[in-house]
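# Analysis of the macromolecular model
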Amino acid sequence: STPVSYKQKFLDQNAFLVYYTKGFDGPDRPNIESGEDGSDSVQTMQYGARNEAWTAVDDLFVELEFNISNEEKQRIDDMSSREDLLILASEAIRAFDDYLRFAPGAD
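So, here is what we can say about the structure in this document.

Criteria and thresholds
- Residues numbered from 1 in each chain as written.
- Predicted model: local features only at pLDDT ≥ 70, side-chain atom pairs only at ≥ 80, totals over all residues.
- Heavy atoms only, no water.
- Helix = DSSP H or I, 4+ residues; strand = E, 2+ residues; numbered from the N terminus.
- Buried < 20%, exposed > 50% of the residue type's maximum accessible area, 1.4 Å probe, protein only.
- Lys, Arg positive; Asp, Glu negative; His and termini not counted.
- Salt bridge = Lys/Arg side-chain N within 4 Å of Asp/Glu carboxyl O.
- Contact = heavy atoms within 4.5 Å.
- Core = buried A, V, L, I, M, F, W, Y, C linked by side-chain atoms within 4.5 Å.
- Patch = residues over 30% accessible without salt bridge, like charges linked within 9 Å, V, L, I, M, F, W, Y side chains within 5 Å.
- Areas by Shrake-Rupley, 256 points an atom, 1.4 Å probe, with all protein chains shown as cover.
- Charge placed at Lys NZ, Arg CZ, Asp CG, Glu CD.
- Phe/Tyr/Trp six-rings, centres within 6.5 Å; stacked < 30°, edge-to-face > 60°.
- Lys NZ or Arg CZ within 6 Å of the ring centre and 35° of its normal.

The residue glutamate 63 is located in helix α3 (residues 39-69) in this model. Despite its burial, glutamate 63 pairs with no opposite charge, the nearest such side chain being arginine 82 at 12 Å. Beyond its immediate chain neighbours, meaning those up to four positions away, glutamate 63 contacts Asp84, Leu85 and Leu88.

Structure (structure tokens):
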């Protein structure tokens, strides 16, 4: 992914200050949170896509564990169970595709 910019490091390390000053960075200077350079929005989208991918994979694993633990009570070949697993698997694949779309070509 894109390296963390100095501006993002500053915002992360000084969140209290940035919040209470409302991003004021001095007279005749743009608000520090304005994000005019565009790199922060790409990084924000990368983080969001990463979090979506982890959530989708976690949901899939939870459903798999549930089906394995309840195999005696309910047959694993139940159609609704298979459909749920297929839906969760396709969501996980879509989320990883979205996440990998943000990866630089060299990676």
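Within the largest apolar cluster, 5 residues are counted, these being Ala53, Ala56, Val57, Ala92 and Ala95. Looking at this core, the element that brings in the most residues is α3, giving 3 residues.

Taken together, the side chains of Phe61, Leu64 and Ile68 make up a nonpolar region of the molecular surface, amounting to roughly 290 Å² of accessible area. With respect to the helices and strands, the residue leucine 64 is situated in helix α3. Looking at leucine 64, the relative accessible area reads 33%, which means it is partly exposed.

Turning our eyes to something else, we now look at a negative patch on the surface. On the surface, Asp58, Asp59, Glu65 and Glu91 cluster together to form a negatively charged patch. Broken down by element, the negative patch gets its largest block of residues, 3 residues, from α3. Inspection of the secondary structure puts aspartate 59 in helix α3.

Attention now goes to the pattern of salt bridges. Under the counting rule described, the total for this entry stands at 2 salt bridges. We note a salt bridge from arginine 94 to aspartate 98, for which the minimum N-O separation is 2.9 Å. Within this pair, arginine 94 and its partner aspartate 98 are both found in helix α4 (residues 79-101), separated by 4 residues, close to a single helical turn. Judged by relative accessible area, aspartate 98 falls into the partly exposed class, the value being 26%. Each of Arg94, Asp98 and Arg101 takes part in one network of salt bridges that share partners.

Okay, the packing of aromatic side chains next. All told, the structure shown has 0 aromatic pairs when counted by the stated rule. Over the ring of phenylalanine 102 we find arginine 101, and its NZ or CZ is 4.9 Å from the ring centre.

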